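What follows is the residue order along each chain.
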Amino acid sequence: QKQASQETTLLTGVNSYNIGRPLVQMVHFIWTYLRVAEKMEKQQQQQPQQMPFSFPPLDIVMPTGAMGNLTAGYMAKKMGLPVGRLVAAV
């Protein structure tokens with residue numbers, strides 16, 4: 001019975017680096033961009049201009065130890081998130 005359970009159970013570690021990790025980390029970039037865009041829109045409504053406002057690409061700076069997060073940011077950018085520069089800070 002124990003052997004049958006081991007044969008049908010597939011596990012993966014969150015600490016191991018696989019495609020699941022950057023896919024989940026992309027949510028951080030999407031969430032951050034939406035919050036910044038929301039704040040910029042509120043500021044725009046307080047100071048109306050004649051030209052419609054468009055949101056600029058968001059530049060992202062992360063510590064060099066977060067290369068997995070930068071990978072997720074790059075993937076989000078390739079999927080269409082308006083991200084400008086992805087910078088690994090030292």
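You'll find the structure just up there.
Digging into the pairing of strand β2 (residues 83-89)
As judged from the five bridges shared by strand β1 (residues 58-63) and β2, these two strands associate in the parallel manner. Considered in β2, the bridge of L58 is made with V83.

Quick word on helix α2 (residues 20-46)
Counted at 1.5 Å a residue, the expected span for α2 with its 27 residues is 39 Å, and the 41 Å between its end C-alpha atoms agrees. Inspection of α2 places P22, Q25, M26, F29, Y33, A37 and Q44 among the buried residues, and these make up the whole buried set. Those residues of α2 hidden inside the fold are in contact with β1 and α3 (67-78).

Points about the pattern of salt bridges
Inspection of every chain in the model, using the stated rule, returns two salt bridges. Between R35 and E38 there is a salt bridge; the shortest N-O distance is 3.3 Å. Of the two residues, R35 and E38 are both situated in helix α2; the distance of three residues between them amounts to about one turn of the helix. A relative accessible area of 33% places R35 in the partly exposed class. The exposure class of E38 is partly exposed, given its relative accessible area of 36%.

Rules of the game
Residues numbered from 1 in each chain as written. Predicted model: local features only at pLDDT ≥ 70, side-chain atom pairs only at ≥ 80, totals over all residues. Heavy atoms only, no water. Pairing = 2+ DSSP bridges. Helix = DSSP H or I, 4+ residues; strand = E, 2+ residues; numbered from the N terminus. Expected span 1.5 Å × (residues − 1). Buried < 20%, exposed > 50% of the residue type's maximum accessible area, 1.4 Å probe, protein only. Contact = heavy atoms within 4.5 Å. Salt bridge = Lys/Arg side-chain N within 4 Å of Asp/Glu carboxyl O.

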